[in-house]
Structure formats: structure tokens, C-alpha cells
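# Descriptive analysis of the structure
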Amino acid sequence: MAGQACVHCGADCGKHPVIWDDKAFCCHGCKTVYQILHEKDMGEYYKIQPMSGIRVETESHSNKFAFLDNEELKVQLLDFTDGNISKVKFFVPSIHCASCIWLLEHLDTLNPAISYSTVNFPNKEVYVTFRNDQISLRQLAELLAAIHYVPEITLDQLEKKGSISSSRSLLVKIGIAAFSFMNIMMYSFPEYLPGGDLLEQDFKDVFGWLSFILILPVVFYSASDYFLTAYKGLKHKIISIDLPITLGITALFFESTYAVFSGNGIGYMDSLAGLVFFLLVGKWYQGKTYQALSFERDYKSYFPVAITRLTEEGEKVIPIKNLRKGNHILVRNQELVPADARLIKGKGNIDYAFVTGESIPVPKQKDDFIYAGGRQVGSSIELEVINEVEQSYLTQLWNQKDTRQTTNALDNHINKISQYFTLAVLFIAFTAFVFWAFHDISAAIYVFTSVLIIACPCALALTIPFTFGNTMRVFGRKGFYLKKTDVIEQLHKTTTIVFDKTGTLTLSRKMAVGFEGVELSPDQLDKVKSMVRHSSHPLSGALYEHLEAEPCYEVKHYEEIPGMGITGTIEKERINLGSRQFVMGEEEQSDSKESRVYLSISGEQKGFFSIKNVYRDGLQTVIDDLKSHYDLHLLTGDNEAEKERLQQVFGSTAVLKFNQSPTDKKAYVEALQKSGKNVLMIGDGLNDAGALAASNTGISIADDVFSFSPACDAILESSKFAQLNQFIRFTRTSFRIVRLSFVISFLYNFIGLSFAVSAILSPLVAAILMPVSSVSVVVFATLSVRWMAARKLH
């Protein structure tokens, strides 16, 4: 059994392995973790990446997390808690591979009290939503420790300081490399100056040994990340882009060490120190560029979400960014609570699904605290803002959960190209080394290192994030907000576009409204306006704007049935507003030329409001442009009143479907996908949530008051609707920029390799040029996207 690899972590089991179920483990800790996963039928963990576990240390965690039972510390650490649902973020530094991600995102299998978990791999963070009445925060931490994903909880986390130690570590490594580089360069000056060969041998030896001492921390500390990444890649049979760099550093180090020990000068110590220094500076610059891009991606700070503020003059719609502490706001049915607030009037029924993943609404009474991100279900409520809006928090909620299992095919393609590219570079480097070794072994090492350093696929890896990231930023500044860069690729692949009508193609607050039926008294009009005040449906909004009555009544037992209508009780009178079928129990009249909202009070039919749509400016231009490139479909819950008008807009090739329920819309989108179509769904709110979520890409149109929907991939300001076709077309431009970036990258590598294999290019110059290639791609992508956007997005 000697030399056998541990089934869990891959370490050598030694002469006396721990055996369980005929499998060998290096220690009892690894065996325990394997048993836990085996008992829970989670063997997929080892299939994704074999032997990917972490070796379990003997440290006991029985009391390590006892402090999490302290209520004061618990409150500081939890991101959210309400009722029996809590949410926490743990920093887990041992996350290192796809198997880790898979296991940590299936914690609910290990303990059913865990509702949902997701991993932020770059930040080594795991977000967990759990039922605190079934598992405590301490028990959750101990569960993670039991499978050896030990959470690292520090005072900085509790105080929300969030310091970035990795950035500080990189700066220290750069500082050490810079210090050594400058001093070694001084010791190397005699070799570069005329007459340097006359320097006494004792001085050369001293300078050589001093250079050797200075290079040790550079190689074994400053360059350690490159060695570590290369080792991990090889351990998992992956050729990482750091492998050529590591080989180059190793070759220079051993050749220079041999020169020092043999008394032949200092070798390439100066080039090696400069190489590591410039590599780290390039890495730092790229990191800062990513941070800048990440900051600008936080475009959701300017979300076009508005809220109804209650003032002495009445109701006033204001941008959400203008909301201040102490303001009183009105939140209607299905609208999002934009800021932490206190309930001052009405009956709260808060759905925290966006925050916790739990869709069961939490009842709220007067003076209860309500977290930002909850959605009111039922009648309208009045709130007092406790904390000013933190749009970044809403952004986190929006990005929290995505049920689509999408893969970024382009990124995967780039990763494969990078791996093949790296193998090709290794082949060229070794071939050049063998060729030059027959002439000059010193020159052979020189060429070998230069080839490995100059031909770096970093520029390839940067092409996608920077091109798409800049596209995303340009879109945001133009009023089109994407959830993530993957949406650009999905939009580019679109073959079929499905539109909703009401609120999407039409203006929800500009409609011609009339009433046919029994004349309504002022008191009855007040009750109707009080009812529609609670609904966020575009037809309700049109009625609310049209009626001059006062919404002075409190609505009890309010309910909104998607695709049907609203119902509620005012002063013991049951009021129904909605479709003919909902109010009268009869089928819609197919010959009707307008949308109708029927009304009944206490079971007595009063008539209907006739509402004629006003279509958005630029609709015909948008449709004419899109129908020449895509298959167009229209799905609407309205009747065929405007079928003739819509056929004129869409043309004879489009498919128009009327009287579609939310379920019908979702099923239709899924049927299109099964037929091989890549579907873009464009809707506006609640009735479209299912179809938006089911589609390959979902775009929600945002009016002044927007019912926040996490089902969509993008939000388009309604005032920018006329540019919709331009945004979709621009994704093709982004792909052209990506291809041109590839050409630049390959051209750079071809020219660089030509000089390197000819022994013209030194490793030091190669180290300077390598980050320059990455920067050139970044600059090209940024400037190209901005220039093309200025030309094509008007």
C-alpha cells in the first residue's frame, strides 16, 4: 500500500494508510469527510475533479466557534435575519477548485436546514441562507469545518472593514523585488561599462554572492505565486499560463547560481530580478484595472427605479437615489421595498425571496422593521425610511440567484485556446533551447527564458472581460443595464424575439380612458381609485392617473391575480376589477377594439372602463429593423382589440398571440427553445416573470415606477426603447472587437517569438513587453468600444 494516493486529497498515504471501504486515506480526518459525503450520496464531488479535497488537519473545532453563540457578535456577522431565516457570508480561504464550489453549493444536502448556498470563487466567499430555528450560526460554521472548509472569521469582518490583505501582500512582493533589482543592477554595472573586465576577481565574487543573497527572496517569496499556481495546475493535470513563466524563472535562477558558484560573474541575476519585478508590476496594474472595471460595473447605483413619496402636497414619484432617511413612501402590491424602513400604516406581507430564497411572505405589523429587498404582497403600505438607499445592496440581491444553468461558451473556448497556446510555447521553447545548446549553453538558457516570458496568453484571457465589460458600461450609461457580461454573448446568439404588449410596446401612463355602463357616484370612483392604487399593473396605473377621485379608503383583503384582475373589500363592499371572465364569468368579446377593465361592486356589474393604448415612440422603426434579422413573436394577455394595428406594425411574418396567461407565455417560450430557438423575451413586470426567467435572455422595460424583477437579465429604461435594436445589434460589434483583439494578441506573440528564438530579445525586455501586450489589448478594447458606441448608439 506504500505510496498510494489518498482518495480524498491525493496526498501520499505512506506505509500505514487509514483504510475504510477498501479505500486508502492519509489520515482519519480525510476518511471522516469522505464518509460524510458518501453517506449523503455526494460522490459527484470526486467526479468533478478527482482527489480535490483538502487534507484535514488534526485541530479540533469543537470550541473554536463557540463565540458565535454570543448574540451581539451574531448580529454583527449576519447579513440578514428576519423570523426564522438568516443569511451569512463566510470567508473560506481553502476554496480552490470546481469540486469545492459544487460541494459548498450543495450544503442543503448535508443539512436540510440550509435553504440556499452560493460561492464567490474569486473572493473565496460562501453565502449561506439558513433556518436559524433548526441550525445555529455556530453549528453552521462547525458543519463547514467538519468537511474542512473552515470559515475564517476575523475582527475586521465583524467591524465590516473588509481590508484586502492580498493586495497588500502583492505590494510587499513588488517592494522586495524592486529593492533587489536596483541593488543587483548596481553590482552588475561593471559588466556593462567599458573596462569592467579589468575589475579584480575578488570584487566580482563579492558582487556575485551579494546578488545571490538578494535574489533568494525574489525567487522564493516574490515569485512564489507563479510556482504555486503552476504546481496546482500540474497536480490537477492542467497546463496553467503561469507554467512557462515558472520554467523561465527556474532556468535563469539555476544558470545564474551556477555562474556565481563557479566564479564566472553573476550570470543573469539582474535580468531575473527585473523579470519578476516587471511581472508583478504588470499583475498589479491588471488587478487595479479589473478593480476599476468592477467599480464601474456597479452601474446599478443608477438603477431607473423610482418610488412614490408621500408629502403634504400628496403623492410624488421621485428617483430612488433621492430617497432620504425619514421620508414616508408608498409601496404597492408586488413592489420592492427600496430601503430599510419602518411600517407606519397598512398590513405588511413581505416576500423576502430575493434576500433569502424563501418565498413564504412574512407578516408585518405597525412599527415593524422591514429590510430593503423585500417585496410587498397584498394591499399598499406606508413606510418610514430608516436608512438611506444603498443601491449596491439591491445590486447584490439582483445578482444573488440565477436559476439558469448558462455557460459562457466563448470563455470556455478561450480557455482551451490558452491551454493549447501554452503547450505550443513550451514546445517552441524547448526546441529553441536544444538548437542553441549546440552553440552556446548560456545563450540557450537566455533564449529558452525569453520565449517562455514573451509568449504569454494573458492578452487572450483579458480580451473577453475587457471588451464585454466596456460594452456593459457603455450600455449602462445609455440606459440599458445588463446583469452580467454573459448577457452580451446571449444577445449575440439570439434568433427569436418575443414581445409582451401592455407596458412594453405601449405607454402605461398615456392612455385614452372612457367608461361605459351605470354612472358611478363620486364615492364609488373614490373606491375604484383606492383599489387601483395598490396595483402595479399598467392598466391600473392608467386608471389611477385618469380618475380625479381621492384614494381615501383603506382596502382590506386585497389580492391581485396575475392575468385576471384585482379584488378587495372597502367598507364591507367587495370590489372586483379586471377581465370580463374574472368579473362577470364570461368569455372576452373578440370584436372589442380596446382593452377593457370590468367593474363589479358587491356582486353588481357596473360596466367597464375602455382603455386605448398609446404606442411607444420609435416602435415601428425598432420592429422594422429587428424583423429583418430575427423571428418576431408577440404574446399578450389582452384580447384581439388591436390585432389589426399590431399586424401592420409587425408585418405578416410575425406570430401574434392574444389572451395569453403568464403560464401560457412561459410555456410558449419553452416550446420555442425546444424547437432550437435562442429566445429573447422583452416584458415589463409581474405577468412576464415566468417567461423572462424561462427565456435565454430576458429584458425588462422600466417605467417611472418599476416593480423590481430578478427574473430578467437586463433592464431598459422605457425612454430608451427606440434604441433597443441598436443595443442588440451592438453585441455583434463587440464580437468583432473581440476577434480583432485576438489578431493583435497573436500578432504580438508571433513577432515576439521571432525575436526571442533569434537570441535578440533579453528576458528582462520580454518581462517588460509581456504586460505591455496585456495593456495594449485593454486599451484597444476600451477605445474601440467607446468609439464604435459613439458612432452606433445615438
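Attention in this report is confined to the structure presented alongside it. (Residues numbered from 1 in each chain as written. Predicted model: local features only at pLDDT ≥ 70, side-chain atom pairs only at ≥ 80, totals over all residues. Heavy atoms only, no water.)

## What about the sheet that holds strand E14 (residues 375-376)?
Note on sheets: strands pair through backbone hydrogen bonds, and any given pair is parallel or antiparallel. One open sheet holds the three strands; their spatial order is E12-E11-E14, and the pairing between them is antiparallel. For this open sheet the edge positions go to strand E12 (362-364) and E14, each flanked by a neighbour on one side alone. Looking at chain direction, strand E11 (residues 348-351) and E14 are connected through two bridges and run antiparallel. Following the sheet pairing, Asp351 is matched in E14 by Arg375. (Pairing = 2+ DSSP bridges. Helix = DSSP H or I, 4+ residues; strand = E, 2+ residues; numbered from the N terminus.)

## Observations regarding the packing of helix H18 (residues 486-493) against helix H26 (residues 724-757)
When two helices pack together, their arrangement is given by the angle between the helix axes and the distance between those axes. Orientation of H18 relative to H26, taken along the N-to-C sense of each, is 110°, at an axis distance of 8 Å. Between H18 and H26, the angle falls in the class roughly perpendicular. Our pair here, H18 against H26, has a crossing hand that is left-handed. Every residue of H26 that contacts H18 at Ile488, Glu489, Leu491 and His492 is listed here: Thr731, Arg732, Ser734 and Phe735. When grouped by side-chain class, the residues that make up the contact of H18 with H26 number three nonpolar, three polar and two charged. (Axes fitted to C-alpha atoms, helices over the stretch in contact; angles between N-to-C directions. Parallel < 35°, antiparallel > 145°, perpendicular 65-115°, else oblique. Left-handed = near helix turned anticlockwise from the far one by under 90°. Contact = heavy atoms within 4.5 Å. Nonpolar A, V, L, I, M, F, W, Y, C, P; charged D, E, K, R; others polar.)

## Overview of the side chain of Ser86
Looking at where Ser86 falls in the secondary structure, it is placed in strand E4 (residues 85-91). Judged by its relative accessible area of 1%, Ser86 falls in the buried class. Looking at Ser86, its side chain comes within polar contact range of the side chain of Thr81, at 2.9 Å. Once residues within four sequence positions are removed from consideration, Ser86 is found in contact with Leu78, Phe80, Thr81, Val128, Thr129, Phe130 and Asn132. (Buried < 20%, exposed > 50% of the residue type's maximum accessible area, 1.4 Å probe, protein only. Polar contact = N/O pair within 3.5 Å; in protein donor to acceptor, adjacent residues only side chain to side chain.)

## With respect to the nonpolar core
Formed by 46 residues in total, the largest nonpolar core has its most connected members in Phe480, Ile497, Phe499, Leu632, Phe650, Ile699 and Leu724. It is H26 that provides the largest number of residues to this core, a total of eight residues. If near-sequence neighbours (up to four positions away) are discounted, Phe650 is found in contact with Phe499, Leu505, Ile623, Lys627, Leu632, Leu634 and Leu656. One finds Leu170, Ile184, Phe212 and Ile249 within the second-largest nonpolar core, a separate group that totals 30 residues. (Core = buried A, V, L, I, M, F, W, Y, C linked by side-chain atoms within 4.5 Å.)

## Thoughts on H26
Taking 1.5 Å of rise per residue, the 34 residues of H26 would be expected to cover 50 Å, and the 50 Å separating its terminal C-alpha atoms lies within 8% of that figure. Ala759, located one to two residues past H26, shows a positive phi value of around 65°. (Expected span 1.5 Å × (residues − 1).)

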